[in-house]
Structure formats: C-alpha cells, structure tokens
Amino acid sequence: GDLLYRLAGDEFVVLCPGVSRVGDAEEVGTRVVGAMGPAFRVEPMEWFVGASVGIAIHAPGDPIAPEQLVHAGDIAMYEAKRDGQRSMRSFDLTMEHRLRELHDTELSLRHAVEQSRIEAAFQPIVALADGHVVGFETLARWRRADGSLSTDADFVEVAEQTGLIAEIDHAMLVRACHFIKARNERNLDRAPEWVSVNLAASNLASADLADRIGATIRLVGIDPSWLVVELTEGALSVDPD
C-alpha cells in the first residue's frame, strides 16, 4: 500500500502512510537498500547500483507540510550519501543546522575564489640526513574577510561538493610553479628544489588535465621535474581504480 514517486534524475520518494515510527521507516529503508544489492542485467553487461536513503517522519496529529517533509528527507539523504553508498540516515535538526552552515560557507568561499583570496602557503620538506630543504608542499589557505586565515581542512570538502575545487587547484598549481621558479633562480649554486601540489580526484575526470598542467609549466617556464602532483589518500578510499 506504499506509494513510490520519482522526483527527478535518480531521486525517488517512498510515501508510507501507515508508518509513524523511525524504527518502522528504517525497516522499509533497509528493504530498499537490500533490493538494490543484486546486479542489474542490461545485456550483455551487469551493473551494480547503490542506494542512499534519507528518512523523515510525520508525527500523527501534526499539521502535514509535504514540502517540509520532502525537504527533511532530502537533507537526511545527502547525509547518508556522505557516509557512502548503501547507507541510511534519519532526519534530525542538527542536519538542518549543518546544511545552513554549509550553505553559508559555500557563499563565502565563492566570493573568496572570485576575489583571489585563496592563498598558497609553502611548507618545507627537509632531508633528515643533513637538514637541508629539498622541496615544498603547497597548502591552500583561505584569507577571510576579517583578515584571518583558514586551513584547507575548513573548506576543501565544500569546495569539492560545489565544484570550486578545480579552480582552487589550478590557482595553487600556478602559484606553486611561480614560487619554485623564483626559489631555484635565486639558488643556482644548489641542486634544484621541487614543489608538490594536491589534486582533487574529481579533476582526473577532466580530459584536458595533462594539457592544462603542461601549459602552466611552459607558461611559467620551469623544468617539469620541479613539480610533483599528489592525490590525497581520501581519493583512493573513494575509488582506488
């Protein structure tokens, strides 16, 4: 007797009129996730599709606000997605508070990117044998409107979710190349140092990634061996292939 609606794309709503307890709703959600477990055959191939389930409950006797109910379920579903595929979360008010915080952070971050307030800090990498600097790691820092600096831990997740990470990564690449060029041109009597930059895994999907990195190297005019491109461990945990 439950009702199934498709909202858009890969988003669906299951309406269960007889369910008023979270535990019962989670039992339905578990069945939905389980039903997505077996392979779907589209000859001659097999496809495995996960599901993320968000749950929102309407208490008996309360006025029904359908839009709010769907909105609450949507928030819980995105929290489930953050936990990885085949997961389920029930809505609570802390989720909405977090969503508002993320929205505010996104707006501020967009302004910071537009105004070039994402700065590069360079952390030296030192050889333990003799203590001399062999290279640098590039770290993104957000210069807030009040002049304070935020580390990448405060905004990288939001940047990845909103697609701003590609622009930030490119800005860090350009600044890193200029930095290491200036370093090595000042120290011609020493072996060249190198600089590493982090690359979000989502950037690997870009067909022109290698061309853009190569163009930056040529434009700035550095030896390619002075640049190291790194992927985070988190990227490997999401998609090791």
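Every value quoted in this text rests on a predicted model; they were computed, and no experiment measured them. (Residues numbered from 1 in each chain as written. Predicted model: local features only at pLDDT ≥ 70, side-chain atom pairs only at ≥ 80, totals over all residues. Heavy atoms only, no water.)

Undergrad: Report on helix H2 (residues 66–82), specifying residues and quantitative values.
TA: Here H2 contains 17 residues, and its C-alpha end-to-end distance of 25 Å stays within 8% of the 24 Å for a straight helix at 1.5 Å per residue. Ala72, Gly73, Ile75, Ala76, Met77, Glu79 and Ala80 are the residues of H2 that are buried. Looking at the buried residues of H2, the elements they touch are strand S2 (11–15), strand S5 (52–55), strand S6 (87–90) and helix H3 (93–114). (Helix = DSSP H or I, 4+ residues; strand = E, 2+ residues; numbered from the N terminus. Expected span 1.5 Å × (residues − 1). Buried < 20%, exposed > 50% of the residue type's maximum accessible area, 1.4 Å probe, protein only. Contact = heavy atoms within 4.5 Å.)

Undergrad: Tell me what's going on with helix H5 (residues 165–186), and back it up with residues and numbers.
TA: An ideal rise of 1.5 Å per residue puts 32 Å on 22 residues; H5 measures up with 31 Å between its terminal C-alpha atoms. Here H5 has its buried residues at Ile165, Ile168, Asp169, Met172, Leu173, Ala176, Cys177, Ile180, Arg183 and Asn184.

Undergrad: Residues and numbers for the pattern of salt bridges, please.
TA: Scanning the entire structure with this criterion turns up eight salt bridges. Between Arg41 and Glu46 there is a salt bridge, with its nearest N and O atoms 2.8 Å apart. In this structure Arg41 comes out as exposed when scored by relative accessible area, which is 59%. In this structure, Arg143 engages Glu119 in a salt bridge whose closest nitrogen and oxygen atoms are separated by 3.0 Å. Highlighted residues: Arg143 in strand S8 (residues 133–143) and Glu119 in strand S7 (residues 118–126), separated in sequence by 24 residues. Taking the relative accessible area as the measure of exposure, Arg143 reaches 28% and is therefore partly exposed. You can call Glu119 partly exposed: its relative accessible area is 27%. (Salt bridge = Lys/Arg side-chain N within 4 Å of Asp/Glu carboxyl O.)

Undergrad: Quick one: what's the story with the confidence of the model for the protein chain, residue by residue and with numbers?
TA: In this model, the protein chain carries an average pLDDT of 88, and 95% of its residues clear a pLDDT of 70 or more. By mean pLDDT, helix H7 (residues 233–238) is the weakest element of the protein chain at 65, and S7 is the strongest at 96. (pLDDT = per-residue confidence, 0-100.)

Undergrad: Break down a nonpolar patch on the surface for me, with residues and values.
TA: On the surface, Phe40, Val42, Met45, Trp47 and Val49 cluster together to form a nonpolar patch covering roughly 460 Å² of accessible area. Breaking the nonpolar patch down by element, the ones donating at least two residues are strand S3 (40–42) and strand S4 (45–47). Considering the arrangement of structural elements, one finds Met45 in strand S4. (Patch = residues over 30% accessible without salt bridge, like charges linked within 9 Å, V, L, I, M, F, W, Y side chains within 5 Å. Areas by Shrake-Rupley, 256 points an atom, 1.4 Å probe, with all protein chains shown as cover.)

Undergrad: Give me the lowdown on empty space enclosed by the protein, citing residues and values where you can.
TA: Any empty space left between the atoms is revealed when a probe the size of a water molecule rolls over them. Under the counting rule described, the total for this entry stands at one cavity of 30 Å³ or more. Taken together, Ala166, Asp169, His170, Leu173, Val197, Asn198, Leu199, Asn203, Leu209, Arg212, Ile213 and Val229 make up the full set of residues lining the largest cavity. Going through the elements one at a time, H5, strand S10 (194–199) and helix H6 (209–220) are the ones with two or more residues in the lining of the largest cavity. At four residues, the largest contribution of residues to the lining of the largest cavity is made by H5. When grouped by side-chain class, the residues that make up the lining of the largest cavity number seven nonpolar, three polar and two charged. (1 Å grid on protein atoms, 1.4 Å probe; cavity = no way out; pocket = protein on both sides within 12 Å on 5 of 7 lines; lining within 4 Å. Points joined across faces, edges and corners; volume = space filled by probe spheres on them. Nonpolar A, V, L, I, M, F, W, Y, C, P; charged D, E, K, R; others polar.)

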